[in-house]
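# Overview (structure and organization)
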Amino acid sequence: MKFGSSKNKELRLRWSMPGRERWEVARLHRNPLLAIEMETRLRRYSRISQVAANAETGRILVLFPPTLIKSRHIKRYIEKALEEALQCIAPQPLPAETSERTSADPLQRRMGKVFDKQLVDIVATGNGVSVKALRKPLSLSTANAVLTVLSPIALSLLVATPISGGLPFLATLGLRSKLAQFIFLGGSYLGLKTMDSYVSYLTNKNWGEYSQERERALRMKVFEKIQSMDTAYLENEPPEKLMALINNDIDKISAFLSEAPPTVWRKWLTIGIGTAILGLVSPLVLLLTLIPAPYLYYLEKRHFTEAGKNFGKVAMDKDAQNQILAGNFNGSATVKSFASEPREYRRLSDNSDQLYASRVEALRENAGFYAKNNYAFMMGISVPLVYASYGLMIGRFTFTEVMIQMSMAPTMMESSSGHNLINYQYQEAKQAAKRLDALLHVSPGILDGPYVLERGAVRGDLSFEAVTFGYGESPVLEDFSLSIPANRTIALVGGTGSGKSTIVKLLQRFYDVDQGRILVDGNDVRDFRLDNLRNLVGVVSQDVFLFNGTIYENVHYGRPDADREEVLEACRVAEMLEFVEAQPAGFDTVVGDRGQKLSGGQRQRISIARTILKNPPILILDEATSSVDNKTEAAIQRSVNRLSENRTTIIIAHRLSTVRHADRIYFLKDGELHEEGTHENLLDLNGEYAQLWHLQASHEPSDPFEETGVGRG
Ligand SMILES: Nc1ncnc2c1ncn2[C@@H]1O[C@H](COP(=O)(O)OP(=O)(O)OP(=O)(O)O)[C@@H](O)[C@H]1O
């Protein structure tokens, strides 16, 4: 992307002093991903000491040592970082149908015709197949190939010089004496070897950096895509599958990129140059050298198929063994109680026999392959050399020519083998690219609306107008209407599966309604930016998800820009200070995976504190107190009551004592409003709500909220 004349509009220097500059970047405004990408890119410049990009203000602060870097360079660095970051996070312009996809970049298009198109597109994710990025690694690989061929030739000439009596072409360069030629060739050989090592290092380093850069861009793109996916998609895809896409598939592409292009490029160039040299010296020796190449190729291909099968079988047997062992160790008490140790022993013994057989088969095949491969390889070197020696004997070749043949034959053989490993990596990368490409081209159905919401301006009036919605064919909600004035507390009650949670999922646009509309302050929720809409709603539910961090971090998650004082205040309102102080490391206590190290009530309070910190105008309490004892419930209820003050609140609960003080209660049945009114109205109505109330009252010894004097919504 070029900025051209728009450059000045993109960037504006807001403030500057030696070693510090603050720039305004128009596109940074409200674009947190761009802020992250720009920071990452600017940090790569070793002479920039600190960077902070702020998506709220659209500004970027750069700190640098003024003695090392001139102020005018900062602008160039920012321009470059912006250009690269924009390409990296730009939305995929490709349409959903594979057949219609076209690559904008001409090099990408050309490469897509030679290699697998999906793989090329995936490698190009973010910023295309950049000629500039490939120029250096490709040049280094070329130099590497040339040096691979030149070094053995220099050695041949060096060894041949004392015996052959000198090289005429060196004599024409003024090196007439044998010693002068020897010194020149010895120096050249050592110099070439040194260069060869250094260029090899640079080649590997550059291809490695290129593949790592591509891996990073791809990982971020895939992660961004997964995050943008609809809830419906995420519910259908197991997390392990998504993790495998990000870990295994991207790794396969990265491994292919760091190995295959430099190896193939070097091998092909070496074969090309070697063929030319051997062809000049003796076409027959060249032919003899190349004869085993097809056989070597066939051997490798067969070996990869067989080895794939054999190691697949070994892996299966090993998996089965792990399962047997895990079952045995985890269920040791059950094994002992049934006295089934001999049965367990037999299972492992049978499995070990199978594992032995499959491993032996794999090793046998491997040994056979290496024996045949070595034999063919050696013949590829030996037969031409026998012929070359014969040629020397009958005077067809000079000693120098034989030495060149002796050095080139192994180099050629080495270069003509190993293609199957590359092919294997290519096939793996192709399959990985296919899966990633499919993911990147799924179009999310739920997209941002055009309007940016100012949070403070939202009152919190909610209205569901004739909403019909179903997850599949049959509707869960049908022609459902409900109005909630701002700052009121309403309750949704009803049998299991009646659609209560679905209503709040629709409000947050986890799904879109099939018919009708949902309004916030009179505006359709589909018109808002998704992040704005979801920031309006705070949910405290029965299943609290905590990240595996500290208590403080989990509360702070509610509003990352909150300071410590605000976090502590939220915890105080959520009545969690007492339990935090009892923890070994207080707020720094790590909560464990999904918060497993805490009790249900403790997790619940963290969730409430998190929501208090978020301070949303609309609050949803989805069975928030259903899994705790009466005392904890009463304490949580106190926090929840404080939390619901001055907010539109929807309470979902099965236990009716939790909702009796709501301003209005809606009783749902099969996705339709069956009864509505205050608790007293509904009791007077003596319908299903009243029946349920009496049923629950007869099972509950007393109303916990009456006892503790809390529970007013
Ligand atoms: N993600 C989903 N995919 C398919 N069907 C779903 C999904 N979520 C809910 N349902 C179905 O939609 C219907 C309503 O579910 P919902 O969770 O809204 O009920 P609920 O009233 O909240 O129930 P509960 O009180 O048991 O939580 C149920 O029949 C349920 O099986």
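Residues numbered from 1 in each chain as written. Predicted model: local features only at pLDDT ≥ 70, side-chain atom pairs only at ≥ 80, totals over all residues. Heavy atoms only, no water.

## Some words on the overall build of the protein
- Regarding its fold elements, the protein presents 26 helices and 14 strands.
- Each principal axis of the C-alpha atoms in the protein carries an extent, and together these give about 120 × 80 × 55 Å.
- With 713 residues in all, the protein has 46% of them scored as buried.
- Taking contacts inside the protein between residues at least 6 apart in sequence as the whole, the part at least 24 apart equals 74%.
- For the protein, the computed accessible surface area is about 37,000 Å², with 56% contributed by carbon and sulfur atoms.
- The distance from the centre of the 84 positive side-chain charges to the centre of the 82 negative ones in the protein is 11 Å. (Helix = DSSP H or I, 4+ residues; strand = E, 2+ residues; numbered from the N terminus. Buried < 20%, exposed > 50% of the residue type's maximum accessible area, 1.4 Å probe, protein only. Contact = heavy atoms within 4.5 Å. Areas by Shrake-Rupley, 256 points an atom, 1.4 Å probe, with all protein chains shown as cover. Lys, Arg positive; Asp, Glu negative; His and termini not counted. Charge placed at Lys NZ, Arg CZ, Asp CG, Glu CD.)

## Structural notes on empty space enclosed by the protein
- Counting across every chain of the model gives 3 cavities of 30 Å³ or more.
- Considering only enclosed or pocket space, the second largest cavity measures out at about 50 Å³ in volume.
- Lining the second largest cavity are Ile122, Val123, Thr125, Ser211, Arg214, Glu215, Leu218, Ile253, Ser254 and Leu257.
- Those elements that provide at least two residues to the lining of the second largest cavity are α5 (117–123), α8 (178–228) and α10 (239–281).
- Considered class by class, the residues forming the lining of the second largest cavity number 5 nonpolar, 3 polar and 2 charged. (1 Å grid on protein atoms, 1.4 Å probe; cavity = no way out; pocket = protein on both sides within 12 Å on 5 of 7 lines; lining within 4 Å. Points joined across faces, edges and corners; volume = space filled by probe spheres on them. Nonpolar A, V, L, I, M, F, W, Y, C, P; charged D, E, K, R; others polar.)

## Things to note about the sheet that holds strand β1 (residues 11–17)
- Taking strand neighbours across the sheet as the criterion, the 4 strands line up as β1-β2-β4-β3 in an open arrangement whose pairing is antiparallel. Each of the sheet's edge strands pairs with one partner strand only, and the pair in question is β1 and β3 (50–54). Within the sheet, the average angular offset between the axes of one strand and its neighbour, ignoring direction, is 15 degrees.
- Of the strands in this sheet, β2 (20–25), β3 and β4 (59–63) are in contact with helix α2 (residues 32–43), which crosses β3 at around 165 degrees. (Pairing = 2+ DSSP bridges. Axes fitted to C-alpha atoms, helices over the stretch in contact; angles between N-to-C directions.)

## A closer look at the site of the ligand
- Close contacts around the ligand come from 14 residues, with Glu235, Thr496, Lys500, Ser501 and Thr502 the closest.
- Here an oxygen atom of the ligand sits 2.8 Å away from a polar atom, N or O, in the side chain of serine 501.
- In this structure, a nitrogen atom belonging to the ligand sits 3.4 Å away from a side-chain N or O atom of tyrosine 511.
- For the ligand, the protein covers 61% of the area, taking 630 Å² as the surface of the free molecule.
- If one sorts the elements of the shell around the ligand by residue count, helix α17 (residues 500–507) sits on top with 4 residues.
- Class assignment for the residues of the shell around the ligand results in 3 nonpolar, 8 polar and 3 charged. (Near = heavy atom within 4 Å. Polar contact = N/O pair within 3.5 Å; in protein donor to acceptor, adjacent residues only side chain to side chain.)

## So, the UniProt feature "domain: ABC transmembrane type-1" (unreviewed entry) in the protein
- On the UniProt side, "domain: ABC transmembrane type-1" (unreviewed entry) is annotated at positions that read residues 138–403 here.
- Helix makes up 91% of residues 138–403 and strand 0%, whereas the separation of the span's terminal C-alpha atoms amounts to 30 Å. (UniProt positions renumbered as here; feature names shortened; annotations may be inferred.)

## Quick word on the sheet that holds strand β14 (residues 672–677)
- Strand order in the open sheet formed by 6 strands is β10-β11-β12-β7-β13-β14, and the pairing between neighbours is mixed. The strands lining the two open edges of the sheet, one partner per strand, are β10 (537–541) and β14. The average angle at which neighbouring strand axes cross in this sheet is 20 degrees, direction not considered.
- The pairing of strand β13 (residues 664–669) with β14 spans 5 bridges and is classified as antiparallel. Looking across to β14, one finds that phenylalanine 667 is bridged to glutamate 675.
- Where α17 meets the sheet, its contacts fall on β7 (489–494), β11 (618–622), β12 (648–652) and β13, and the angle it forms with β12 comes to roughly 150 degrees.

## As for the UniProt feature "transmembrane region" (unreviewed entry) in the protein
- Taking the numbering used here, the UniProt-annotated feature "transmembrane region" (unreviewed entry) corresponds to residues 268–291 and 375–399.
- Spanning residues 268–291, this segment combines 92% helix with 0% strand, and its end C-alpha atoms are found 17 Å apart.
- Span residues 375–399 is 80% helix and 0% strand, its end C-alpha atoms 27 Å apart.

## Some points on helix α14 (residues 341–393)
- Over its 53 residues, α14 runs 76 Å from end to end, which matches the ideal 78 Å to within 8%, given 1.5 Å per residue.
- Once α14 finishes, glycine 395 follows within two positions and takes phi at roughly 80 degrees, a positive value. (Expected span 1.5 Å × (residues − 1).)

## A few points about helix α22 (residues 600–614)
- Given a rise of 1.5 Å per residue, 15 residues ought to cover 21 Å, and the 21 Å separating the end C-alpha atoms of α22 matches this to within 8%.
- Of all 15 residues making up α22, 13 are buried, and the element is well covered by its neighbours.
- Positioned one or two residues after α22, asparagine 615 has a phi angle of 55 degrees, which is positive.

## As for the environment of glycine 380
- Structurally, glycine 380 can be placed in helix α14.
- Residue classification places glycine 380 among the buried positions, given a relative accessible area of 0%.
- In this structure the C-alpha to C-alpha distance between glycine 380 and threonine 289, which are 91 residues apart in sequence, comes to 5.0 Å.
- If sequence neighbours within four positions are ignored, glycine 380 has contacts with Leu288, Thr289, Pro292 and Met413.

## What about a negative patch on the surface?
- On the surface, a cluster of negative charge is contributed by Glu478, Asp479, Asp670 and Glu672.
- Note that aspartate 479 resides in strand β6 (residues 477–484). (Patch = residues over 30% accessible without salt bridge, like charges linked within 9 Å, V, L, I, M, F, W, Y side chains within 5 Å. Salt bridge = Lys/Arg side-chain N within 4 Å of Asp/Glu carboxyl O.)

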